[in-house]
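# Report on the structure
Next come the chains, spelled out residue by residue.
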Amino acid sequence: MMENFRKNIKDLLGVQLSDSQVQAFITYEEQLLEYNAQFNLTAIRDSEGIRLKHFIDSLSCLLALREKPVPPSRLVDIGTGAGFPGIPLKILFPAMQLTLVESVGKKARFCEHMARALKLENVLVLQSRAEELGQDPAHREKYDWAVARAVAQLPILAEYLLPLVRVGGGMIAQKGESGPAETQSAQNAIHILGGRLHKLIPVQISGVAEDRYLVVVDKVAATPKHLPRRVGIPSKSPL
Ligand SMILES: C[S@@+](CC[C@H](N)C(=O)[O-])C[C@H]1O[C@@H](n2cnc3c(N)ncnc32)[C@H](O)[C@@H]1O
């Protein structure tokens, strides 16, 4: 089973996982199955779904990350839920400093548990909202990359992510079929926040029917001070 997983990743990303990386994914899968039964963390509850729709889908961010010559050194994952895409990316890049942000306590606690279980170093889990973090000097414009999957429509997501990214860094929004249309409708928000659309990367995962996209935005200018707005405002009245 896991050999299939390894091959899928090799085919999609050209990356050969080591035995210890494969073992980390096995542990992650076991813990997800166990915790999901009690805590209702994610809708996907079978092994194959976890591998394809959580692990491989998360790792597909590599298609955007490798556009910059250096491996990511500081990455923040907003609305990470049970750790996606942040924890799979951390398994791939063990040296990276990872910040996981999740507003719901039980999910944040699961991420802390996973970081310990996998002995991951330099992982900070914050039970917090993206809007608060974006105005916190310890986090504002401090990251090489800000990423998110399944959190909000792109104009809202841009307000969550871009304030956290340093000029020269980038954001990645993992999107489904609506990726191209959302990108169109987010042009204004991206511009106001100091971003510039870099690329829309189509992702095809063998065994997953849905079209997937990575919306990749470069941070080209500082974000104006008043952004992000207060908690709840970005989603109530998107830029
Ligand atoms: C649909 S889940 C996706 C979880 C994960 N990214 C994944 O793809 O499996 C969206 C998560 O984003 C969190 N979230 C939504 N808005 C947020 C915000 N403004 N700040 C922090 N977390 C947020 C929710 O609590 C929820 O757990």
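How each quantity is defined
Residues numbered from 1 in each chain as written. Predicted model: local features only at pLDDT ≥ 70, side-chain atom pairs only at ≥ 80, totals over all residues. UniProt positions renumbered as here; feature names shortened; annotations may be inferred. Helix = DSSP H or I, 4+ residues; strand = E, 2+ residues; numbered from the N terminus. Buried ≥ 20, exposed ≤ 12 C-beta atoms within 10 Å, placed from the backbone. Contact = placed C-beta atoms within 7 Å. Near = placed C-beta within 6 Å. Nonpolar A, V, L, I, M, F, W, Y, C, P; charged D, E, K, R; others polar. Expected span 1.5 Å × (residues − 1). Arc of directions from axis to C-beta. Pairing = 2+ DSSP bridges. Axes fitted to C-alpha atoms, helices over the stretch in contact; angles between N-to-C directions. Left-handed = near helix turned anticlockwise from the far one by under 90°.

Labelled according to an unreviewed UniProt entry, the protein chain appears under the name Ribosomal RNA small subunit methyltransferase G, originating from Ornatilinea apprima. Recorded under Sequence similarities (unreviewed entry), the UniProt text for the protein chain is reproduced unchanged: "Belongs to the methyltransferase superfamily. RNA methyltransferase RsmG family." Reading the Subcellular location (unreviewed entry) entry of the UniProt record for the protein chain gives the comment "Cytoplasm".

All right, on to the UniProt feature "binding site: S-adenosyl-L-methionine" (unreviewed entry) in the protein chain then. With numbering matched to this structure, UniProt assigns "binding site: S-adenosyl-L-methionine" (unreviewed entry) to Gly79, Phe84, Ala130, Glu131 and Arg149. Relative to the assigned elements, Gly79 resides in the loop between strand 1 (74-78) and helix 5 (86-92). Residue Gly79 is classed as buried on the basis of its C-beta count, with 22 C-beta atoms lying within 10 Å. Gly79 has contacts with Val101, Glu102, Ala148 and Val151, leaving out every residue within four places of it along the chain. For Phe84, the position within the fold is in the loop between strand 1 and helix 5. Excluding its chain neighbours within four sequence positions, the residues that come into contact with Phe84 are His54, Ser58 and Arg149.

The next subject is the site of the ligand. Of all residues adjacent to the ligand, which total 18 residues, the nearest are Gly79, Gly81, Phe84, Ala130 and Arg149. Looking at the shell around the ligand residue by residue, the class counts come to eight nonpolar, five polar and five charged.

Next up on the list: unusual backbone geometry. Residue Pro85 is bonded to the preceding Phe84 through a cis peptide linkage, with omega at 5 degrees. The linkage connecting Leu227 with the following residue, Pro228, adopts the cis geometry, with an omega of 0 degrees. Structurally, Pro228 can be placed in the loop between strand 7 (212-219) and helix 11 (233-236). Positive phi, normally seen in glycine, also occurs at Glu141, with a value near 55 degrees. Secondary-structure assignment places Glu141 in the loop between helix 7 (130-133) and strand 4 (143-149). For Glu141, a count of 17 C-beta atoms within 10 Å gives the class partly exposed.

The next subject is helix 6 (residues 105-117). An ideal rise of 1.5 Å per residue puts 18 Å on 13 residues; helix 6 measures up with 18 Å between its terminal C-alpha atoms. Every buried residue of helix 6 is accounted for by Lys107, Ala108, Phe110, Cys111, Met114 and Ala115. Taken down its axis, helix 6 places every buried residue within 155 degrees of arc, on the same side. Exposed residues pointing more than 90 degrees away from the buried face of helix 6 are listed as Gly105 and Arg116. Residues of helix 6 that are buried sit in contact with helix 2 (19-39), helix 5, strand 2 (97-101) and strand 3 (123-126). Just past helix 6, the residue Lys119 takes up positive phi, approximately 55 degrees.

Read across the sheet, seven strands follow the order 3-2-1-4-5-7-6 without closing on themselves; strand pairing throughout is mixed. Two strands close off the open sheet at either side, each with one partner strand: strand 3 and strand 6 (195-203). Sheet twist, expressed as the mean angle between neighbouring strand axes with direction ignored, is 15 degrees. Relative to strand 3, strand 2 runs parallel, the two sharing four bridges. Paired with Leu98 across the two strands is Val123, which belongs to strand 3.

With that settled, consider the packing of helix 1 (residues 2-13) against helix 3 (residues 47-59). Packed helix pairs are characterised by how far apart their axes lie and by the angle those axes make with each other. Helix 3 packs onto helix 1 with a crossing angle of 35 degrees between their chain directions and a minimal axis gap of 11 Å. Relative to helix 3, the crossing made by helix 1 is right-handed. Along the contact surface, helix 1 presents Phe5, Asn8, Ile9, Leu12 and Leu13, while helix 3 presents Arg51, Ile56 and Leu59. Looking at side-chain class alone, the contact of helix 1 with helix 3 contains six nonpolar, one polar and one charged residues.

Residue position: Val203 is located in strand 6. Residue classification places Val203 among the buried positions, given that 20 C-beta atoms sit within 10 Å. Between the C-alpha atom of Val203 and that of Gly81, which follows or precedes it by 122 residues, the distance is 22 Å. Ignoring any residue separated from it by four or fewer positions in sequence, one finds Val203 in contact with Ser60, Leu63, Arg212, Tyr213 and Leu214.

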